[in-house]
Amino acid sequence: LCRKVTEILYRIPIVVIDICLLIPHLRRIKPDIVHINNGGYPGSPSARAMVLASRIVGVHSIFMVVNNEALDYQPVHRWFDRPTDWLVRGSITNFITGSKSSANKLINVLKLDRDKIVSLPNGVIHRDPDESVESIRRRVGLDDMFCGLVGLVVSRFEYRKGHLVLLDALEILKKSGAISANNLRIIFEGNGPELQEVLDMIERLDLSSIVQFVGDERNIANLYLASDFFVLPSIGGEDFSNVISESMSHGLCVIATDVAGAREQVSDGQTGFIVSPNNPIELSDVILRVVANPEVVSVAGRKGKDRYLNSFTPEIAIRRYFDLYKESIQN
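Everything quoted here is computed from the prediction, not taken from an experiment.

The rules behind each value
- Residues numbered from 1 in each chain as written.
- Predicted model: local features only at pLDDT ≥ 70, side-chain atom pairs only at ≥ 80, totals over all residues.
- Heavy atoms only, no water.
- Buried < 20%, exposed > 50% of the residue type's maximum accessible area, 1.4 Å probe, protein only.
- Helix = DSSP H or I, 4+ residues; strand = E, 2+ residues; numbered from the N terminus.
- Pairing = 2+ DSSP bridges.
- Right-handed = clockwise from strand over helix to strand, strands pointing away.
- Axes fitted to C-alpha atoms, helices over the stretch in contact; angles between N-to-C directions.
- Core = buried A, V, L, I, M, F, W, Y, C linked by side-chain atoms within 4.5 Å.
- Contact = heavy atoms within 4.5 Å.
- Lys, Arg positive; Asp, Glu negative; His and termini not counted.
- Salt bridge = Lys/Arg side-chain N within 4 Å of Asp/Glu carboxyl O.
- Polar contact = N/O pair within 3.5 Å; in protein donor to acceptor, adjacent residues only side chain to side chain.
- Parallel < 35°, antiparallel > 145°, perpendicular 65-115°, else oblique.
- Left-handed = near helix turned anticlockwise from the far one by under 90°.
- Nonpolar A, V, L, I, M, F, W, Y, C, P; charged D, E, K, R; others polar.

## A look at the pairing of strand β2 (residues 61-66)
Within β2, six of the six residues are buried, leaving the element largely enclosed by the surrounding structure. Neither face of β2 is open: one carries S61, F63 and V65, the other I62, M64 and V66, and all of them are buried. In this structure, strand β1 (residues 33-38) lies alongside β2, joined through six bridges in parallel fashion. Paired with N37 across the two strands is V65, which belongs to β2. In this fold, β1 hands off to helix α3 (residues 45-56), which returns the chain to β2; that crossover is right-handed. Both β2 and strand β3 (residues 94-97) contribute to a ladder of four bridges, which runs parallel.

## Some points on the sheet that holds strand β7 (residues 211-215)
Overall, parallel pairing links the six strands, which are arranged β7-β6-β5-β8-β9-β10 in an open sheet. A single partner strand is all that each edge strand has here, and the edge strands are β7 and β10 (272-275). Shown here is a sheet whose adjacent strand axes are inclined to one another by a mean of 20°, direction ignored. Here strand β5 (residues 149-154) pairs with strand β8 (residues 229-232) via two bridges, running parallel.

## Comments concerning the nonpolar core
By size, the foremost hydrophobic cluster in this structure holds 34 residues, and its most contacted members are L166, L167, L170, L184, F188, F229 and I287. Ranked by the residues each element gives to this core, the list is headed by helix α8 (residues 163-176), at six residues. For L170, the residues in contact, after removing those within four places along its chain, are I179, L184, I186, L207, V211 and I287. In terms of nonpolar packing, the next biggest core, distinct from the first, is built from 29 residues, I36, A47, V66 and L106 among them.

## A look at the side chain of D18
Mapped onto the secondary structure, D18 falls in helix α2 (residues 11-29). For the buried residue D18, which engages in no salt bridge, the nearest side chain bearing the opposite charge is R48, 8.3 Å off. Excluding residues within four positions of it along the chain, D18 makes contact with P45, S46 and A49.

## A word on the sheet that holds strand β4 (residues 117-119)
Two pairing modes exist for strands in a sheet, parallel and antiparallel, and in both the strands are linked by backbone hydrogen bonds. Strand order across the open sheet formed by four strands is β1-β2-β3-β4, with parallel pairing between neighbours. Each edge of the open sheet carries a strand with a single partner, namely β1 and β4. This sheet shows a mean twist of 20° between the axes of neighbouring strands, independent of strand direction. Pairing of β3 with β4 involves three bridges; the strand directions are parallel. Along β4, the bridge assignment pairs F95 with I117.

## Brief notes about unusual backbone geometry
Leaving glycine out, the prevailing phi sign among residues is negative, and the prevailing peptide bond configuration is trans. Looking along the chain, the bond that leaves Y41 and enters P42 is cis, with omega of 15°. Structurally, P42 is set in the loop between β1 and α3. Backbone geometry at K111 places phi at a positive 55°, although glycine is not the residue there. With respect to the helices, strands and loops of the structure, K111 is situated in the loop between α6 (100-110) and β4.

## Here's the deal with the side chain of N219
Position of N219 relative to the elements: it lies in the loop between β7 and α10 (220-225). A polar atom in the side chain of N219 sits 3.1 Å from the backbone oxygen of D128. Ignoring sequence-local partners within four residues, the contact set of N219 consists of D128, P129 and D130.

## A closer look at the packing of α2 against α3
Relative orientation of the contacting elements α2 and α3 amounts to 50°, with a least axis distance of 8 Å. Relative to α3, the element α2 lies oblique. Pair α2 / α3 crosses with right-handed handedness. Across from I14, V15, D18, I19, L22, I23 and L26 in α2, the residues of α3 making contact are P45, S46, A49, M50, L52, A53, S54 and I56. Of the residues assigned to the contact of α2 with α3, the class counts are twelve nonpolar, two polar and one charged.

In structure tokens, the structure reads:
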């Protein structure tokens, strides 16, 4: 409680101190453009301080990238951010979000004019595997005799990532006899605070023969190579999920919940499937459709790779940013 109270009381002074520290550097560098990459909004005090310091020294164009959905003013500590947010809103040239969904959330929170925000999809690097598919499958616990489909989940083990919802969906399918260790395996990659709860639930639901846990993978491209489809079961807190685009770059069919920018990445029924968040029944129906129709998976994967190459490569993202910069400087 003391830490929280202290944080609230010093929220504005910390921003002021950061502004004073940043101004001399900006005056020395004299940039035409300042680009601030922020995790979310409000994000770190220093990110907002950079906006205000840049405006004070007369920087022509100030951009802030917001990579997650903005936090509204319901939490008490956000009440004390209102003065800083008001100044940031008036000083920024453009906020940039990865998805239109996150743009709309930021508009609602900060009461922005729509011309103050731009949505530019992230560019994601295609990483190459460095193992053979046979060695990867053996390493993650798939024997040579297994000929079913392999699904992959790549995320930190947190409640918002929806691992528990996916396990509920798998239990529904297992009880109905639609899936077994013979026709489906799901690989869980990652770590995080909810890991033990997930492992306990796997054991309680008797899903250990279907779900393979591999921990932190050294080269995630190896797991893409060993998989047939990708699952993002998140229930919220996303923006433009890089792992969706990355899995598409490897030709995987994507099953994703309808959160933030997922619908802007996945063409429902074409490159994969969009399901309602926190809905294990709907998720189980789509997984069953995938398991029953392996050809659907391969066709969606090919279309997804084409979509990645046409929309989500780093080269395309860089070109979009440079076009935005040039337009800003010319105005």
